[in-house]
Amino acid sequence: MPEPKFNREDHLKAREQGSLLSDIGEHLEELRTVLFISVLVILIAFSVAFYFSEHLINLLKTLAPVGSSFFQLKPGELFLVSIKVSFFAALYFAIPFLMHQVYLFVEPALKKKEKSLSVLVVIMAPLLFWGGLTFAFFFLLPPLLDFLLNFREGVVEKRYGLESYINLVLSIETVTAISFQLPVVIFVMGILGLVKVKQLVSVWRYVILFAFILAAFLTPTPDPLTMSVLACALLVLYFSTILVLKLFKK
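Residues numbered from 1 in each chain as written. Predicted model: local features only at pLDDT ≥ 70, side-chain atom pairs only at ≥ 80, totals over all residues. Heavy atoms only, no water.

## Quick notes on the pattern of salt bridges
Across all of its chains, the model carries one salt bridge by this definition. For the salt bridge of K74 with E163, the shortest nitrogen-to-oxygen distance reads 3.2 Å. One end of the pair, K74, is in the loop between strand 1 (69-71) and helix 3 (77-106); the other, E163, is in helix 5 (residues 162-179), and 89 residues separate them in sequence. Judged by relative accessible area, which is 42%, K74 ranks as partly exposed. (Salt bridge = Lys/Arg side-chain N within 4 Å of Asp/Glu carboxyl O. Helix = DSSP H or I, 4+ residues; strand = E, 2+ residues; numbered from the N terminus. Buried < 20%, exposed > 50% of the residue type's maximum accessible area, 1.4 Å probe, protein only.)

## A look at the side chain of T176
Positionally, T176 belongs in helix 5. Given a relative accessible area of 1%, T176 falls into the buried group. Leaving out residues up to four positions away in the same chain, T176 has contacts with G132, F135, A136, L140 and L230. (Contact = heavy atoms within 4.5 Å.)

## Side note on the nonpolar core
With 35 residues, the main nonpolar core has L145, Y165 and I166 as its most contacted residues. Mapped by element, the contributors of at least two residues to this core are helix 2 (53-61), helix 3, helix 4 (112-149), helix 5 and helix 9 (224-249). With 13 residues, helix 4 is the single largest residue contributor to this core. Not counting residues within four places of it along the chain, the set of residues in contact with Y165 comprises L60, K61, L63, A64, F70, L145 and L149. Counting 17 residues, the second-largest nonpolar core is a separate cluster that includes F187, I191, A211 and Y238. (Core = buried A, V, L, I, M, F, W, Y, C linked by side-chain atoms within 4.5 Å.)

Structure follows, in structure tokens:
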């Protein structure tokens, strides 16, 4: 019988397919590790937060005007609120760990310049996220709750369902923290050359308009005070990022 001829092209294709499957398997294994560590960190943070959930709930209640009373309007409401507060607290705490895990996953595929930029993002994003939480807690929520809970005082008693109050506070906190990621997006686009400093400065009128529209869209309440405070914060972040980007480009 004639011996089968050796086909070099088929051999190379088979090797490439085998190498591709091996690479995919390695990436899937790395992704599985990243997800496992991320979930583990969140579960540990959740367990700690749940242990202190009573203190966390009391801390959020201090934001309400003096004289406000909170009630459990349905069975198990306090338990569900404790779980929700603990989950959000765990997520807030785990942000830098999650960012670091994402960086470790994509780091092998990055070039040297991209790695440096990614490290800055991993550092900046959590700090700005926590900055947004702090800003909301000390500067945004107090006047917002004072306006909402004291509106036409004397018409109704200050008695509120705990769950609806906590939902409002957590939504404001989360929205503000996410909106504080704006500088990260602008900074990355500027470093990559997608936008220039002159372009960012030239559209300042539209940025002011967009900031108020975005603030109105992000805030779950219709009062102008909350919208204005958040819009002003976004504008400060925007122009500060332009200044930093200009200095970084020199």
